[in-house]
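Residues per chain are reported as follows:
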Amino acid sequence: MLKQRIITALILLPIALCGFFLLEGSGFALFIGLVVTLGAWEWARLAGFTAQPARVAYAAVVALMLFVMHILPGLAPWVLGASVLWWGVATYLVLTYPRSSEHWSSAACKLVIGLLILLPAWQGLVQIKQEPLGNWLIMAVMVLVWGADIGAYFSGRKFGKRKLAPQVSPGKSWEGVYGGLALSLVITLVVGLVRDWTVAELLKGLVGAALIVFISVVGDLTESMFKRQSGIKDSSNLLPGHGGVLDRIDSLTAAIPIFAVLLWMAAP
């Protein structure tokens, strides 16, 4: 398994880096769209559709909606606004699972939720890319999420006692969340000092980083909740040793649109 993970990572990493940081405009939107469309194909399985025609049809619908969003950029505020509302609702659903499953157990509801997760993730990345320091901002949100994952892993293993959401993901603890938050805040603090941020800018950055960390945890737990409800361990086997696309981007699907909204709010 470890050998598979390493080989897959060595193949995918250059592709991902080139796609994220070398492509611009429509090329970037298409690249991210392909990733999101694969995620939609996987999500259809989480929604209960095992037949390939149904899964491909759902992925095609998502791809069409991404195209419409691309040619109608005025939809961006609505898409990202819907994401803010959704992740607030998702927080409640995760914390109250399995009782909350009565509200979203139907296949139709799961398919709509898939749209609320996948479409804003694409929109958020496209919006961030258009910022003056777009590439650096994309790297920033990824580093925050990765830092939170790394900090949570080591802190959870060392100190984890209080379960975060035992019905959803028994391995995660509050101590892990705090460890991940601490590491992400340290990263933010270092960046702020290096870039000579003012005190006000530093405070905003730390608050924003904390929000991104917490919402990334919700994104991770949300996919885990749907996988648990469906009795599925991995979203797919597309990435040997890593599971599926959604398994790798579940935290980012929540963090990216919220990060984009925070950038809008912080704009002068």
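Per chain, residue numbering runs from 1 following the sequence as it is written. Since the coordinates come from a predicted model, pLDDT governs what is reported: local features require at least 70, and pairs of side-chain atoms require 80 or more to be given and counted, while whole-chain, interface and lining totals use all residues. Note that water and hydrogens are dropped before the side-chain values are worked out from all heavy atoms of the structure.

The protein chain has the name Phosphatidate cytidylyltransferase in an unreviewed UniProt entry, where Pseudomonas nunensis is given as its organism. One UniProt comment on the protein chain, placed under Subcellular location (unreviewed entry), says "Cell membrane". Note on the protein chain: under the UniProt heading Sequence similarities (unreviewed entry), the record states "Belongs to the CDS family." UniProt positions are given in the numbering used here, feature names are shortened, and annotations may be inferred rather than shown by experiment.

(A) Examining helix 4 (residues 76–95) more closely. Relative to the 28 Å expected for 20 residues at 1.5 Å per residue, helix 4 spans 29 Å between its end C-alpha atoms, a close match to the ideal helical length. A simple rule labels every residue: compare its accessible area, found with a 1.4 Å probe on the protein chains alone, to the largest value its type can have, and call it buried under 20%, exposed over 50%, or partly exposed in between. A helix here means a DSSP run of H or I that spans at least four residues, while a strand means a run of E at least two residues long, and both kinds are numbered starting from the N terminus. Among all positions in helix 4, only Ala 76, Val 79, Leu 80, Ser 83, Trp 86, Trp 87, Ala 90, Leu 93 and Val 94 are buried. One side of helix 4 holds all its buried residues, which, seen down the axis, span an arc of 125°. Pointing more than 90 degrees away from the buried face of helix 4 are the exposed residues Trp 78, Leu 85 and Leu 95. On the buried face of helix 4, the contacting elements are helix 3 (52–71), helix 5 (107–129), strand 1 (163–165), helix 8 (199–230) and helix 9 (245–266). Multiplying one less than the number of residues by 1.5 Å gives the expected span of a helix. Starting at the helix axis, one direction is taken to each C-beta atom, and the arc is that of these directions. Only heavy atoms enter the contact rule, under which two residues are in contact if any of them lie within 4.5 Å.

(B) Structural view of the UniProt feature "transmembrane region" (unreviewed entry) in the protein chain. The residues that UniProt annotates with the feature "transmembrane region" (unreviewed entry) are residues 28–44, 56–72, 78–95, 107–124, 136–155, 176–194 and 206–226. Across residues 78–95 one finds 100% helix and 0% strand; the C-alpha atoms that close the span lie 26 Å apart. Secondary structure over residues 136–155 splits into 100% helix and 0% strand, and the C-alpha atoms at its two ends are 27 Å apart.

(C) Examining the packing of helix 6 (residues 134–159) against helix 9 more closely. Orientation is described by lines fitted to C-alpha atoms, with helices fitted over the stretch in contact, and by angles between N-to-C directions that extend from 0 to 180 degrees. Two numbers describe how helix 6 lies on helix 9: the axes approach to 10 Å, and their chain directions differ by 135°. On the basis of their axis angle, the class for helix 6 and helix 9 is oblique. At the point where helix 6 passes helix 9, the crossing takes the right-handed sense. Listed contacts from helix 9 to Leu 137, Ala 140, Val 141, Met 142, Val 145 and Asp 149 of helix 6 are Ser 251, Leu 252, Ala 255, Ile 256, Phe 259 and Leu 263. Tallied by class, the residues present in the contact of helix 6 with helix 9 amount to 10 nonpolar, one polar and one charged. Each angle gets one of four labels, with under 35 degrees taken as roughly parallel, over 145 as roughly antiparallel, 65 to 115 as roughly perpendicular, and the rest as oblique. The crossing is said to be left-handed when, going from far helix to near helix, the turn is anticlockwise and less than a right angle, and right-handed when the turn is clockwise. Three residue categories are used. Nonpolar comprises Ala, Val, Leu, Ile, Met, Phe, Trp, Tyr, Cys and Pro, charged comprises Asp, Glu, Lys and Arg, and polar comprises the others, including Gly.

(D) Broad picture of the packing of aromatic side chains. The pairing test for Phe, Tyr and Trp rings, Trp by its six-membered ring, is centres within 6.5 Å, and the orientation test on the planes gives stacked under 30 degrees, edge-to-face over 60, and tilted for anything in between. Counted by the stated rule, this structure contains nine aromatic pairs. Geometrically, the ring pair formed by Phe 20 and Phe 31 is edge-to-face, given 6.1 Å between the ring centres and 80° between the ring planes. Taken as a pair, Phe 20 in helix 1 (residues 2–21) and Phe 31 in helix 2 (residues 25–46) lie far apart in primary sequence, 11 residues in all. Aromatic ring contacts, followed pair by pair, group Phe 20, Phe 21, Phe 28 and Phe 31 into a single cluster. Both a distance and an angle decide whether a charge sits over a ring: NZ of Lys or CZ of Arg must be within 6 Å of the ring centre and within 35 degrees of the ring normal. Against the face of Trp 41 rests Arg 55, its NZ or CZ located 3.9 Å from the ring centre. We note Lys 129 situated over the ring of Phe 28; from NZ or CZ to the ring centre the distance is 4.9 Å.

(E) Local environment of the nonpolar core. Within the largest apolar cluster, 64 residues are counted, with the highest numbers of intra-cluster contacts made by Trp 43 and Trp 87. Broken down by element, this core gets its largest block of residues, 11 residues, from helix 9. The residues contacting Trp 43, other than those within four sequence positions of it, are Tyr 58, Lys 110, Leu 111, Ile 113, Gly 114, Ile 117, Leu 118, Phe 226 and Leu 246. The nonpolar core is taken to be a set of buried Ala, Val, Leu, Ile, Met, Phe, Trp, Tyr and Cys residues, with the residues joined through side-chain atoms within 4.5 Å.

(F) Just helix 3, in detail. Between its first and last C-alpha, helix 3 extends 29 Å over 20 residues, near the 28 Å set by a 1.5 Å rise per residue. Within helix 3, the full set of buried residues consists of Arg 55, Tyr 58, Ala 59, Val 62, Leu 66 and Met 69. Projected down its long axis, helix 3 carries its buried residues within an arc of 95°, all on one side. Those residues of helix 3 that are exposed and aimed more than 90 degrees away from the buried face are Pro 53 and Leu 64. On its buried face, helix 3 sits against helix 2, helix 4 and helix 5.

(G) Looking closely at the pairing of strand 2 (residues 169–173). The pairing criterion for strands is at least two bridges between them, as found by DSSP. Sheet topology note: the strand 1/strand 2 ladder contains two bridges and is antiparallel. By the bridge assignment for strand 2, Ala 165 is matched with Ser 169. Between strand 1 and strand 2, which pair antiparallel one after the other, the connecting turn spans three residues.

(H) Up close: the side chain of Gln 123. For Gln 123, the location among the structural elements is in helix 5. Contact partners of Gln 123, with chain neighbours within four places excluded, come to Met 69, Ala 76, Val 79 and Leu 80.

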